[in-house]
Amino acid sequence: MGKKARLPSVTKRMDDESDAKKFQFVFYCDCCGQGYRSAPIRFSVAGTSDHIENFTAAQKLIYEAEYEDAYERGNRNALITFKPCEVCRRRVCEDCTDGQEFDHICSDCRAKQ
Amino acid sequence: MVRFFQRGKEVITTFKSCTKRYADESDEAAFRFVFYCDQCASEFRPPPIPFGGAGKEQWTAEHGSAFARADYEAGYYFYSCPACGEHVCADCIENIRRDGEAVRSVCRKCYRANDGNRVRPHLQMIWGAEASRPLEAVRKTTGKVRKGGQSRWAKKHGSQV
């Protein structure tokens, strides 16, 4: 395919906590807003500098590539953590569905019913 | 399967999904995929992934990534039968309960064929050698076991496969 593409996050709200040393993302439940922080992934060629602006050209290229991979990896972990509600198809956490495996319906939809 | 034109030539893209059959219902607004259970063909539709960009090139690039993400989710939704390797839905799973043994979940087809003891060679480490069928029987059904006796790895580590 050649060109790499960054997909939108699985949840509506996502915070990027990545810095010059590590990649980390926080995903929030679409129903209650509870957060899930993905496991930090270390930047493989992180030097002593704490700012991305001070990186060399090669470091910047590697940073971009590793950022893409870490972002997709975090999204896939969020994919398993937040499962789609059967009614509204939003990504919701386990607390919102009362841990029910088969009637996977969020608390908002249950209240409407 | 998606057909589109690139530099005047028709290009067809197909992906390898975890299930045998899948359908691609993507359009300009969102990427939608449907995965079907290998045995009862019940469908699983992951939530659509919206496409916010513009242009054919970006759509094509994101299409592959979107499929990879959807396929990953389908891999978690469907259960891979340890005996035959097919990806089946929750309705097609049967449990084998025997005294003194852990409960084993296999697909309905293997359960009816009484093939619950069959274990694919690369999974034998998990369930132990005594739970598996005799090696000769396994060799007849799969091509993954080496014909010339034990592999170099098996000789070194003392495994039966």
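All values reported here derive from a predicted model rather than from experimental measurement.

(A) Fine view of the overall build of chain A. Helix and strand counts for chain A come out as two helices and seven strands. Here chain A has a C-alpha radius of gyration of 17 Å; the compact-globule value for 113 residues is 13 Å, and the former is much larger. Its C-alpha atoms put chain A at 55 × 30 × 20 Å along the principal axes. When each of the 113 residues of chain A is scored for burial, the buried share is 24%. Sequence separation of 24 or more characterises 42% of the internal contacts of chain A that already satisfy a separation of 6 or more.

(B) Broad picture of the sheet that holds strand β4 (residues 35-37) of chain A. Residue and element names in this part refer to chain A. Strand order in the open sheet formed by three strands is β1-β3-β4, with antiparallel pairing between adjacent strands. Pairing within the sheet leaves two strands with one partner each, and these edge strands are β1 (14-16) and β4. Taken pair by pair, the neighbouring strands of this sheet meet at an average axis angle of 20°, ignoring direction.

(C) Representation of unusual backbone geometry. Notably, arginine 89 of chain A is not glycine yet its phi reads approximately 65°, a positive angle. For arginine 89 of chain A, the position within the fold is in the loop between β6 (83-84) and β7 (91-92). Positive phi outside glycine occurs at alanine 41 of chain B, with the angle close to 60°.

(D) Structural detail: helix α1 (residues 57-81) of chain A. Taking 1.5 Å of rise per residue, the 25 residues of α1 of chain A would be expected to cover 36 Å, and the 36 Å separating its terminal C-alpha atoms lies within 8% of that figure. Residues of α1 of chain A that are buried include every one of Ala70, Tyr71, Gly74, Asn75, Ala78 and Leu79 of chain A, and no others.

(E) Representation of the interface of chain A and chain B. At the interface, 12 residues of chain A touch 16 residues of chain B. At four residues, α1 of chain A tops the list of elements feeding residues into the side of chain A that touches chain B. In terms of residue class, the side of chain A that touches chain B is built from seven nonpolar, one polar and four charged.

(F) Fine view of the sheet that holds strand β6 (residues 43-44) of chain B. Here we have three strands laid out as an open sheet, ordered β3-β5-β6 (chain B), and antiparallel in their pairing. Each having just a single partner strand, β3 (22-24) and β6 of chain B make up the two edges of the open sheet.

(G) Up close: helix α1 (residues 56-77) of chain B. With 22 residues, α1 of chain B ought to run about 32 Å at 1.5 Å a step, and its terminal C-alpha atoms sit 31 Å apart, in line with that. Looking at α1 of chain B, one finds that the buried residues are Glu62, His63, Ala66, Phe67, Arg69, Ala70, Glu73 and Ala74 of chain B.

(H) Inspection of the environment of aspartate 16 of chain A at higher detail. Residues and elements named next belong to chain A. The residue aspartate 16 is located in strand β1 in this model. Overall, the presence of 13 C-beta atoms within 10 Å leaves aspartate 16 in the partly exposed class. Between the C-alpha atom of aspartate 16 and that of glutamine 113, which follows or precedes it by 97 residues, the distance is 36 Å.

Cut-offs and rules
Residues numbered from 1 in each chain as written. Chains lettered and ligands numbered in written order. Predicted model: local features only at pLDDT ≥ 70, side-chain atom pairs only at ≥ 80, totals over all residues. Helix = DSSP H or I, 4+ residues; strand = E, 2+ residues; numbered from the N terminus. Rg over C-alpha atoms; globule rule 2.2 N^0.38 Å. Buried ≥ 20, exposed ≤ 12 C-beta atoms within 10 Å, placed from the backbone. Contact = placed C-beta atoms within 7 Å. Pairing = 2+ DSSP bridges. Axes fitted to C-alpha atoms, helices over the stretch in contact; angles between N-to-C directions. Expected span 1.5 Å × (residues − 1). Nonpolar A, V, L, I, M, F, W, Y, C, P; charged D, E, K, R; others polar.

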